[in-house]
Amino acid sequence: MRVMNHTTSIRVFCFVFLADIISTVEFNYSGELLATGDKGGRVVIFQHEQESKNRPQLRGEYNVYSTFQSHEPEFDYLKSLEIEEKINKIRWLPQQNSAHFLLSTNDKTIKLWKISERDKRAEGYNLKDEEGRLRDPFRISSLRVPVLMPMDLMVEASPRRIFANAHTYHINSISVNSDHETYLSADDLRINLWHLEITDRSFNIVDIKPANMEELTEVITAAECHPHQCNVFVYSSSKGTIRLCDMRAAALCDRHSKFFEEPEDPSSRSFFSEIISSISDVKFSHSGRYMMTRDYLSVKVWDLNMENRPVETYQVHEYLRSKLCSLYENDCIFDKFECCWNGSDSAIMTGSYNNFFRMFDRNTRRDITLEASRESSKPRATLKPRKVSTGGKRKKDEISVDSLDFNKKILHTAWHPKENVIAVAATNNLYIFQDKIN
């Protein structure tokens, strides 16, 4: 795959979520389905339609496949704490049959959902009439064999498991293991290992909570399972460090197997250094050889065999370094940006402000800034690269760093596992960009 550049013709779909801000975006393993969660606790699933025979040069569109309410607001009476319904993460399970399964979580409760289709219904029951009412058994004079009759396609979402009461703090990550039987869930101080068939207990595999909370110096920010080795997982911290753990070594993985940290340059240290070094997302490459981390200003790619420094560093919005003071005052410095790989691990993508998102080609070291906007969602639109002017004379197509809108931010992105199709969440708008064959 290649990074989309200014000569690439892009096909764009824009979906507007009227009710709430999108809080997570995730393709399934085949890329056929795309799930989004929002702050209102809803999950909306889009399906990739088949290519049109009349216009084979255009790939199929994504249309709404299913919408359901995953979580409702709750109240913890013991702690007098309101638990909001916002969907923090969605993770798909590999498809085993005609149905699809996904995990969704809010701050406290994880749910396993089954998404299935129904295009037939049974008719001709013996004990029920056509309207579903019970018949008088004494009036039944003959035995009928129910038959399946065709009906309009209906997509059903049903909760199959509810995993609750295992996290004291807010859940920030869930990750399905490569054995497809277990998964991890992480909050600020603990990581638990669950079996998908068991809801009433989980195993605590990481616990960094100190005996005295006044001694707390860091929290867990993200966690993910290795894509091929079911015993290996990583978790990142607010101090900018990543720990790789092996569950074969001990039941409680408080002692890590590998510790990844980049030495800080003393000359560049400032009041904001610790805040901007906090890692907001960590993702293994599909090959399992590398992992990618996102901090406030940059994306770093690490080789799992080299712990002392990243092998690649990409600056996302270095021009904001001079604006850290104002970003601290308006709390934007605490925004948690996600990052993602393309299907071949040759390119990476992450979001920024002003509805900009950045793409980096690892082979050519080229990078591009694109904007998700209503203007770019017009039919046959071509995405033009955007540039930010940091001072001095501003060129015609550049935007001044002082003109950036920090209320427009792209925190959540996803890349199709097999094609050059990306999904970008800009507040309550979902943009799907895809290469268009000319």
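So, here is what we can say about the structure in this document. In this text, all values refer to a predicted model and were calculated from it rather than measured experimentally.

Each value, and the rule that gives it
- Residues numbered from 1 in each chain as written.
- Predicted model: local features only at pLDDT ≥ 70, side-chain atom pairs only at ≥ 80, totals over all residues.
- Heavy atoms only, no water.
- Helix = DSSP H or I, 4+ residues; strand = E, 2+ residues; numbered from the N terminus.
- Buried < 20%, exposed > 50% of the residue type's maximum accessible area, 1.4 Å probe, protein only.
- Contact = heavy atoms within 4.5 Å.
- Areas by Shrake-Rupley, 256 points an atom, 1.4 Å probe, with all protein chains shown as cover.
- Lys, Arg positive; Asp, Glu negative; His and termini not counted.
- Charge placed at Lys NZ, Arg CZ, Asp CG, Glu CD.
- Pairing = 2+ DSSP bridges.
- Phe/Tyr/Trp six-rings, centres within 6.5 Å; stacked < 30°, edge-to-face > 60°.
- Lys NZ or Arg CZ within 6 Å of the ring centre and 35° of its normal.
- Core = buried A, V, L, I, M, F, W, Y, C linked by side-chain atoms within 4.5 Å.
- Axes fitted to C-alpha atoms, helices over the stretch in contact; angles between N-to-C directions.

**Describing the overall build of the protein**
Part 1: What the protein contains, in helices and strands, is two helices and 32 strands.
Part 2: With the C-alpha coordinates of the protein rotated into their principal frame, the extents come out at 90 × 60 × 40 Å.
Part 3: Counting every position in the protein, which comprises 438 residues, the buried fraction comes to 50%.
Part 4: Here the contacts in the protein between residues at least 6 apart in sequence split such that 55% fall between residues at least 24 apart.
Part 5: In the form shown here, the protein has an accessible surface area of approximately 22300 Å², with 48% of it arising from carbon and sulfur atoms.
Part 6: In the protein, 59 positive and 62 negative side-chain charges are present, and the distance between their average locations comes to 5 Å.

**A few points about the pairing of strand S26 (residues 356–361)**
Part 1: In terms of residue burial, S26 counts as a mostly covered element, since six of its six residues are buried.
Part 2: Neither face of S26 is exposed, since Phe356, Arg358 and Phe360 on one face and Phe357, Met359 and Asp361 on the opposite face are all buried.
Part 3: Here strand S25 (residues 347–351) runs beside S26; their pairing, made up of five bridges, is antiparallel. The partner of Ile348 across the bridge, within S26, is Phe360.
Part 4: Turn length for the S25-S26 hairpin, with the two strands adjacent in sequence and antiparallel, is four residues, and the turn residue Asn354 shows positive phi of about 65 degrees.

**Description of the packing of aromatic side chains**
Part 1: Overall, the coordinates contain 18 aromatic pairs when judged by the stated rule.
Part 2: Centre to centre, the rings of Tyr314 and Phe360 are 4.9 Å apart; their planes meet at 35 degrees, and the pair counts as tilted. Taken together, the residues Tyr314 in strand S23 (residues 312–315) and Phe360 in strand S26 connect sequence positions 46 residues apart. For the residue pair Tyr314 and Phe360, the accessibility class agrees, reading buried in each case.
Part 3: The interplanar angle of 50 degrees and the centroid separation of 6.0 Å between the aromatic rings of Tyr328 and Phe334 together place this pair among those described as tilted.
Part 4: According to the relative accessible area criterion, Phe334 is partly exposed, its value standing at 41%.
Part 5: Through a chain of ring-to-ring contacts, three or more aromatic side chains come together here, namely Phe271, Phe272, Tyr328 and Phe334.
Part 6: One Lys or Arg, Arg362, reaches over the ring of Tyr290 and ends 4.8 Å from the middle of that ring.

**Comments concerning the nonpolar core**
Part 1: By size, the foremost hydrophobic cluster in this structure holds 19 residues, and its most contacted members are Tyr296, Leu320, Leu327 and Leu404.
Part 2: Among all residues touching Tyr296, those that are not within four sequence positions of it are Ile276, Ser278, His317, Leu324, Leu327, Cys332, Ile333, Asp335, Phe337 and Tyr353.
Part 3: Core analysis: the next-biggest nonpolar cluster, separate from the first, contains 16 residues, Leu383, Val424, Tyr431 and Phe433 among them.

**Here's the deal with the sheet that holds strand S5 (residues 62–69)**
Part 1: With antiparallel pairing, the four strands of this open sheet are ordered in space as S2-S3-S4-S5. Every other strand in the sheet has two partners, leaving strand S2 (22–27) and S5 as the edge strands with one partner each. Shown here is a sheet whose adjacent strand axes are inclined to one another by a mean of 20 degrees, direction ignored.
Part 2: Relative to strand S4 (residues 42–48), strand S3 (residues 33–38) runs antiparallel, the two sharing five bridges.

Geometry only, nothing functional implied.
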